[in-house]
Amino acid sequence: MVKLITPQKDRIQFLDALRGIAILGILVANIYYFSGLFFMDPAEQYPWAASSWDMPFDFVLYTLVDGKFYSIFSLLFGIGCAIQYHSLQKLEHPFVPFFTRRMFWLFVIGMCHLTFIWLGDILTLYAVLGFVLMHFVHTTNKNLLKYAIILLLLPLVNDFVINHIGWNYPKHFFKMNQAVATYFDIPMREFGEVKTTNMNHYLKNEDWGVFFKANLSNVFIRIGYLLEEGRPFKVLGIFLIGLWSGRAILHNNLLTNTKLLRKIALLGITIGLPICFLRTYIDFFGYELPYASTLKTLTYALGTVPLALGYAAVLALLHQKKATLFRWFEPVGKMALTNYIMQSFLAIGFFYGIGLGFAGKFGAIAIFGIALLIYTVQIIGSNLWLQRFKQGPFEGLWRKLTYKK
C-alpha cells in the first residue's frame, strides 16, 4: 500500500502556520461554551474576574472570531484534499480508496470525541462531508465555485423550510436527546417545543458516569443544531472553495499572486466585516425581531465566509513579507488534530465539575486570557513534541489506522 507522506522540504509552511492560527481562533470561539459563560448565572462569577468591559469585548470578539476560523479550517481541509489528490496522481495511485479510508477513520476519531468528550465536535461532520468532497476532485474550477456559492446560500432555503413552511425536521433530534436524557435521568430544560439537556447542571456535574451518559444524549443536540443552521451546506461549500484554492496554489502560484490576494483581502473585509457586525447585533440584541432567524442565516452566509477569506488573504500577504512571524504557529498547525482534541481535554479539565469546576466563574475578558494561556501551552508542547517526533500523536494514530499499520 502506498504511503502518502509529505516530506518536510515539500510542506507549504504558510498552510501549516495558517492551520495553527485557525486552531487558535477555534479555541477562542469554543472556550466561551466550555466556560459556561452562556449558560451560567452572571452572579456566580468571581467579582475580580468580571468587568464592565466584558459585554463590549464579547460583542467585538464575536464579530471578529465566531465562525471565521472554523471556516478557514474548512478551507484548509479542502486545500489538503487537493494536495493529496495531486500527490497520488503523480504516483499513479487511486485517490478514492485512500481518501475513503482516511475519512472513515476521521469519522471514528470524531465520533469518539463527540460521544465521550464534547458535543461541539466538528471532526465527525468533516469526515461525513469528506466522503462527498472526494467526488468533486474532477469538477472544473468554474463549477467548483458555482456549486460553492449555491451551497453557501442553501441555509436560507433550509431556514425557510424550517421556520416558514413548518417542516422542523431538526426537532426530531432534540426529541431524541430528550428521550435518551430521560432514560439516563439527566436534568432537562425547556427549549422551544422540546426539552434538552440542562447545560448548567451538566457543566457543574462532578460524576463521571453522569458526564458520559449526558454526552451520549448530547450527540443528538449537536446533530439537531447542525441541521437547524444548515451547517453541512456551509462546510461543504467552503470545502469546494478550498479544493479550488488548492489547485490554484499548486498550479497557479496563488500564495505569491499578490494582486489577487489583495483583491480577496479588500473585498472579503469590506463586505464581510459590516455584515458580521450586523449579525452580531441581531444575535445579541435583535433575537426578538421579525424574521430574526432568517436575518441571522442571511448575514452569516454573506458575511462570515467573505471575512474568513479576507483574513486568509491578509495572512498570506503578511507571510510574504514577514514569514518569521509565523514560525511559532507552524508546529501547532502540523499537529492540528492533536491540538484540536487536546483543547477539549484542557478546557473541560479546567471548567467542568468533573475537573477543577471553574465553569461560570469568569467574565469574557478573563476567559479570553485563559484561551491564550492554553494556546501558549500548545505552542510550547507542539514545538517540544516535534523536536522528537515527525507527527503529533493523533496524526500518527490516524495515519497508522489509514494504512493498517
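Check the entry above for the structure.
No experiment lies behind these values; they were computed from the predicted model shown.

Engineer: What exactly am I supposed to notice about empty space enclosed by the protein here?
Structural biologist: A water-sized probe rolled over the atoms picks out the places where empty space is left. Going through the model one piece at a time under the given rule, you end up with 3 cavities of 30 Å³ or more. There is about 100 Å³ of room inside the largest cavity. As for the largest cavity, its lining consists of V28, A29, Y32, Y33, F38, D58, L61, Y62, V65 and D66. Elements that contribute at least two residues to the lining of the largest cavity include exactly α1 (13–34) and α2 (54–65). Residues of the lining of the largest cavity, tallied by class, amount to 8 nonpolar, no polar and 2 charged.

Engineer: Would you take a moment to explain the pattern of salt bridges for this structure?
Structural biologist: Where charged atoms from two side chains of opposite charge approach closely, those side chains can pair. Counted under the stated rule, the structure contains 7 salt bridges. Here D66 ties to R279 by a salt bridge, and the two come within 2.8 Å at their closest N and O atoms. With D66 in the loop between α2 and α3 (68–91) and R279 in helix α11 (residues 258–285), this residue pair connects regions lying 213 residues apart in the sequence. Its relative accessible area of 14% is what places D66 among the buried residues. Judged by relative accessible area, which is 7%, R279 ranks as buried. Notably, a salt bridge pairs E330 with R327, separated by 3.8 Å at the nearest N-O pair. Within the structure, one salt-bridge network assembled from shared partners comprises E229, R231 and K234.

Engineer: Teacher, can you tell me more about the packing of aromatic side chains here?
Structural biologist: Each aromatic ring pair is described using two quantities: the centre-to-centre distance and the angle formed by the ring planes. A complete count under the given rule lists 42 aromatic pairs for this structure. Between F57 and F368, the aromatic rings sit 5.4 Å apart at their centres with planes inclined by 65°, giving edge-to-face as the arrangement. Of the two residues, F57 is situated in helix α2 and F368 in helix α15 (residues 364–386); the sequence distance between them amounts to 311 residues. Ring geometry for F116 against F212: centres 6.4 Å apart, planes inclined by 70°, an arrangement best described as edge-to-face. Of this pair, F116 sits in helix α4 (residues 95–116) while F212 sits in helix α9 (residues 208–228); the two residues are 96 residues apart in sequence, bridging distant segments of the chain. Following the ring pairs from residue to residue traces out a cluster consisting of F34, F116, W118, Y202, W208, F211, F212 and Y352. One Lys or Arg, K234, reaches over the ring of Y300 and ends 3.7 Å from the middle of that ring. Sitting over the ring of Y46, K361 keeps its end group 5.7 Å from the ring centre.

Engineer: Even after reading the chapter, I still don't get the nonpolar core, so can you show me in this structure?
Structural biologist: Considering soluble globular proteins, one finds that nonpolar side chains tend to be buried as a cluster. Membership of the largest hydrophobic core comes to 109 residues, with the highest contact counts inside it found for I31, Y126, F351 and Y352. Looking at this core element by element, the count peaks at 15 residues for α1.

Engineer: Quick question: what am I supposed to make of the environment of F350 here?
Structural biologist: Mapped onto the secondary structure, F350 falls in helix α14 (residues 336–351). F350 gets classed as partly exposed once you look at its relative accessible area, which sits at 23%. Residues in contact with F350, not counting those within four places in the same chain, are L356, G357, F358, F362 and I370.

Engineer: Can you help me understand α9 in this one?
Structural biologist: Spanning 21 residues, α9 covers 30 Å between terminal C-alpha atoms, matching the ideal 30 Å at 1.5 Å per step. The largest bend along α9 reaches roughly 35° and is located at S217. Sitting at the head of α9, D207 places a side-chain oxygen 2.7 Å from the backbone nitrogen of G209. Directly after α9, the chain includes G230, whose backbone phi takes a positive value near 70°.

Reading the values: rules and limits
Residues numbered from 1 in each chain as written. Predicted model: local features only at pLDDT ≥ 70, side-chain atom pairs only at ≥ 80, totals over all residues. Heavy atoms only, no water. 1 Å grid on protein atoms, 1.4 Å probe; cavity = no way out; pocket = protein on both sides within 12 Å on 5 of 7 lines; lining within 4 Å. Points joined across faces, edges and corners; volume = space filled by probe spheres on them. Helix = DSSP H or I, 4+ residues; strand = E, 2+ residues; numbered from the N terminus. Nonpolar A, V, L, I, M, F, W, Y, C, P; charged D, E, K, R; others polar. Salt bridge = Lys/Arg side-chain N within 4 Å of Asp/Glu carboxyl O. Buried < 20%, exposed > 50% of the residue type's maximum accessible area, 1.4 Å probe, protein only. Phe/Tyr/Trp six-rings, centres within 6.5 Å; stacked < 30°, edge-to-face > 60°. Lys NZ or Arg CZ within 6 Å of the ring centre and 35° of its normal. Core = buried A, V, L, I, M, F, W, Y, C linked by side-chain atoms within 4.5 Å. Contact = heavy atoms within 4.5 Å. Expected span 1.5 Å × (residues − 1). Bend = angle between axes of the 7 residues up to and from the residue. Polar contact = N/O pair within 3.5 Å; in protein donor to acceptor, adjacent residues only side chain to side chain.

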